[in-house]
Number of protein chains: 2
Amino acid sequence: MKGTKSYHHKDLRQALLQHAVRLIQDEGMKGFSMRKLAALAGVSHTAPYRHFASKEELVATLMLDGHIRLRAALLATASTTSGRARDKLLAMGRAYLDFAREQPEYISLMFSGEGMAAAMSVASRHSEFFAEDSDSFGPLEETVRACQAEGSLDPSSEPGALSFAVWSQVHGLALLRNEGMIRLMAAERGHTEDDTLNAVFAVFSHWYGPAGAVGGEV
Amino acid sequence: MKGTKSYHHKDLRQALLQHAVRLIQDEGMKGFSMRKLAALAGVSHTAPYRHFASKEELVATLMLDGHIRLRAALLATASTTSGRARDKLLAMGRAYLDFAREQPEYISLMFSGEGMAAAMSVASRHSEFFAEDSDSFGPLEETVRACQAEGSLDPSSEPGALSFAVWSQVHGLALLRNEGMIRLMAAERGHTEDDTLNAVFAVFSHWYGPAGAVGGEV
DNA sequence: CCGACAATGTTGACGCTGTCAACAATCTTT
DNA sequence: AAAGATTGTTGACAGCGTCAACATTGTCGG
C-alpha cells in the first residue's frame, strides 16, 4: 500500500494483460514483444514468465478475454434493443461490426489461426477456457431461434446452421472491412465505406425476412 | 546448363517463392523465416535480399500470387459450371471454400492484417500490384449481376453491395472453418463438419432466391 | 517471533531472427 | 579484355523468446 516500488509487484498478471492490449493496439501484433511488455510494466524481461508460461499462453488469455468482451457487448445490445427479435439480430450484427472496428487487434487475435492454436494448447491445460462466459456464439444463436419463433427467419432451417450462416456473413463483413477491402472497393466506386456497409446490411436485412424497414446507422 | 552448382542461381526469385509456399504449408506462418527459406533454396541467408527488399515484400508477393490463384479457380469454376447463374454462384462459393481448405496458409496470408499492410506498402512502389489479373472479387460480382439479370437475386439491390454480402458470407464461413470454429461447434452437437457446412450452404442457397434444390457436396 | 518454504522478480546466457555493410564471383556490354 | 552491373557470401548487429541460477519477499507452522 506504500508508495514505494516493492520488489513484488502484486498484480503483475493483470497489469501485463492491460498493457498488452494497449501495446498491441499501438504497435500491432508485429511489434508486440514480451520484452517491450515487461519494460512497459516496469519489470525485468523475464518477469512475465512467472505468470504466463509462454507468449503463446499470454496471447491465448487475451483471446479468451476478447471473447468475454464480445459476448458481453452482444448481450448488452440484445437486452437494450427493444422490439422484435429480428431487430435485435440486426442490432447485434452492428454491435459485432462495432466491436471489430473498435478493437481490430482483439478480433484478429481472437480469430487468427495462431490465436486458435494457442487457445487450444492452453485449453488442454486450463479448463476454464471455453467456459460459458466466453461463448460469444451463444447469444447469437438464441436470438436466431427467437427470430424463427416469431417468423422472421425460416423456421424450417436447422437453428445451428442458420446461426452459423448469420455469424459467417457478419464475421466475414467485419474482417473484410478490417482488412481494408471495403474501403478499397468503396473508393473505387466513389462511395464511402459507411454507405457500402449500410448497403450490405440492407441486403442482409432483406435476406433475413420479409419484414419492415432497415434500422440504424453504422 | 552444366550439372555444376553455379555461383549464380539464375531464377532464385521463383525458386524462393515456391519454397516459401511449401515452407509455410509445412510449418505455418510462425515457423517461416527468411533464413530457413534461404537454406531450403541452398543459398546463404542474405541472398533472398537481392530479390526481395524485405520479408514483408516477399510475403506481399505471395499474397498477390494467392489472389491470382483464387481468381483463376473462381473463373475456372464459373466457366465449367453449366446452367443458371445462380448455380454458378453457389459453385463459386464451394470453390472459395475449397481453395481456403486446400491452401489455408494462402488465405490467412492474403487476408491477414499484416498481409494487407505489406501489400499496401509494396503496391505504392510496384504498380503491378492490384492489377486486373489479381482481382479475385471481379468474377464474383459478374456472376451476381448475372443472377440479378435472370431474376434469382433481387434486381433492386445495388450489385456491388449484393456482391459484398455474398462475398462476406462465403469469406466468413471459410475463415470460421479454417479457424476450427465449425469443427468445434459441430462436434458439440454431434454433427460432422461437412454436414454443418452443407446445412449452412443450404441456408445461403435459400436466401439467394426461391429456386430449386441445393447442389453438390462439400 | 522465527525459520522453512513457496511465490515472485532479476541477471545473464543461448540460439534464432531480420537486416545491413563490405566483399567476391559472375554476367553483360563495349 | 576492361568496366560496370547483378547476384551471392561472410560477418556483424540488435532484438526476440526462453531457460537456468540466483535474490528477494510473502506466508505459515512451530
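Structure first, text after, so check above.
Residues numbered from 1 in each chain as written. Chains lettered and ligands numbered in written order. Predicted model: local features only at pLDDT ≥ 70, side-chain atom pairs only at ≥ 80, totals over all residues. Heavy atoms only, no water.

### Thoughts on the side chain of B:T77
Cut-off, in case you're wondering: In this description a helix means any DSSP run of H or I spanning at least four residues, a strand means any run of E spanning at least two, and both kinds are numbered starting from the N terminus. Contact between two residues is taken to exist if any of their heavy atoms lie within 4.5 Å; hydrogens are not considered.
Its location among the elements puts B:T77 in helix 3 (residues 55–80). Beyond its immediate chain neighbours, meaning those up to four positions away, B:T77 contacts B:A91, B:M92 and B:A95.

### Thoughts on the pattern of salt bridges
Here is the rule: For this document, the term salt bridge refers to a Lys or Arg side-chain nitrogen within 4 Å of an Asp or Glu carboxyl oxygen.
Evaluation of the coordinates by the stated rule reveals 14 salt bridges over all chains. Put simply, A:R84 and A:E150 hold a salt bridge, and the shortest N to O gap is 3.6 Å. Of this pair, A:R84 sits in the loop between helix 3 (55–80) and helix 4 (85–102) while A:E150 sits in helix 7 (residues 138–150), placing them 66 residues apart in sequence. Here B:E193 and B:R183 are joined by a salt bridge, their closest N and O atoms 3.6 Å apart. Of this pair, B:E193 sits in helix 10 (residues 193–208) while B:R183 sits in helix 9 (residues 181–188), and the two are 10 residues apart along the sequence. Here the residues in one salt-bridge network are A:E141, A:R145 and B:R189, joined through shared partners.

### Some remarks on the packing of helix 7 (residues 138–150) of chain B against helix 8 (residues 159–178) of chain B
All names here are of chain B. In plain terms, the rule: Only the stretch in contact is used when a helix axis is fitted, and all axes are lines through C-alpha atoms; the angle between N-to-C directions ranges over 0 to 180 degrees. Small angles under 35 degrees read as roughly parallel and large ones over 145 as roughly antiparallel, with 65 to 115 read as roughly perpendicular and the rest as oblique. Throughout, a crossing is termed right-handed when the near helix is turned clockwise from the far one, and left-handed when it is turned anticlockwise from it by less than a right angle. Residues were grouped as follows: Ala, Val, Leu, Ile, Met, Phe, Trp, Tyr, Cys and Pro as nonpolar; Asp, Glu, Lys and Arg as charged; and all remaining residues, including Gly, as polar.
At a minimum axis separation of 9 Å, helix 7 and helix 8 run at an interaxial angle of 115 degrees. Here helix 7 lies roughly perpendicular to helix 8, going by the angle between them. Like other packed secondary-structure pairs, helix 7 and helix 8 cross with a definite hand, here right-handed. On helix 8, the residues touching L140, E141, V144, R145 and Q148 of helix 7 are P159, G160, L162, S163, V166 and W167. Taken together, the residues of the contact of helix 7 with helix 8 sort by class into six nonpolar, three polar and two charged.

### Some remarks on the protein's contact with DNA strand D
Put simply, the test is: Residues are labelled near a given molecule or strand when at least one of their non-hydrogen atoms is within 4 Å of it. Two N or O atoms count as a polar contact when they lie within 3.5 Å, although within protein this holds only if one can serve as hydrogen donor and the other as acceptor, and sequence-adjacent residues are included solely when both atoms are side-chain atoms.
Taken together, 24 residues surround DNA strand D, and among them A:R35, A:T46, A:Y49, B:S44 and B:H51 come closest. Taking the atoms of DNA strand D that fall within 4 Å of the protein, sugar and phosphate contribute 52% of them. Here a base oxygen of DNA strand D sits 2.9 Å away from a polar atom, N or O, in the side chain of B:R50. In terms of residues, the surface near DNA strand D owes the most to one element, helix 2 (residues 34–41) of chain A, which gives three residues. Residues belonging to the surface near DNA strand D are distributed by class as follows: seven nonpolar, 11 polar and six charged.

### Quick look at the interface of chain B and chain A
Rule in force here: Each of two parts loses accessible area, computed with a 1.4 Å probe, when they are put together; buried area is these two losses added.
Each side of the interface is counted separately: chain B has 42 residues, and chain A has 42 residues. Looking only at chain B, the three residues that lose the most surface to chain A are B:F164, B:E179 and B:W207, adding up to 19% of its buried area. Summed over the shared surface of chain B and chain A, the number is two salt bridges. Between A:R189 and B:E141 there is a salt bridge whose closest N-O contact spans 2.8 Å.

### Focus: the nonpolar core
Counted only if it meets this: Among buried residues, the Ala, Val, Leu, Ile, Met, Phe, Trp, Tyr and Cys ones that are joined through side-chain atoms within 4.5 Å form a nonpolar core. Three exposure classes are used, based on accessible area relative to the maximum for each residue type with a 1.4 Å probe and protein chains only: buried under 20%, partly exposed in between, and exposed over 50%.
The biggest cluster of nonpolar side chains holds 120 residues, and the ones touching the most others in it are A:W167, A:W207, B:W167 and B:W207. Once you skip the residues sitting within four places of it in the chain, A:W207 turns out to touch A:Q169, B:L153, B:L162, B:A165, B:V166, B:Q169, B:W207 and B:Y208.

### What to know about the relation of the copies chain B and chain A
The test is simple: Alignment of the copies relies on least squares applied to C-alpha atoms, considering only residues that score at least 70 for pLDDT in both.
Once chain B has been moved 0.0 Å along the axis and rotated by 180 degrees, it coincides with chain A to within an RMSD of 0.0 Å. Considering both components of the superposition, the chain copies are consistent with a two-fold axis. Counting the interface residues of chain B, we find that 100% of their copies in chain A are interface residues as well, pointing to one common contact surface.

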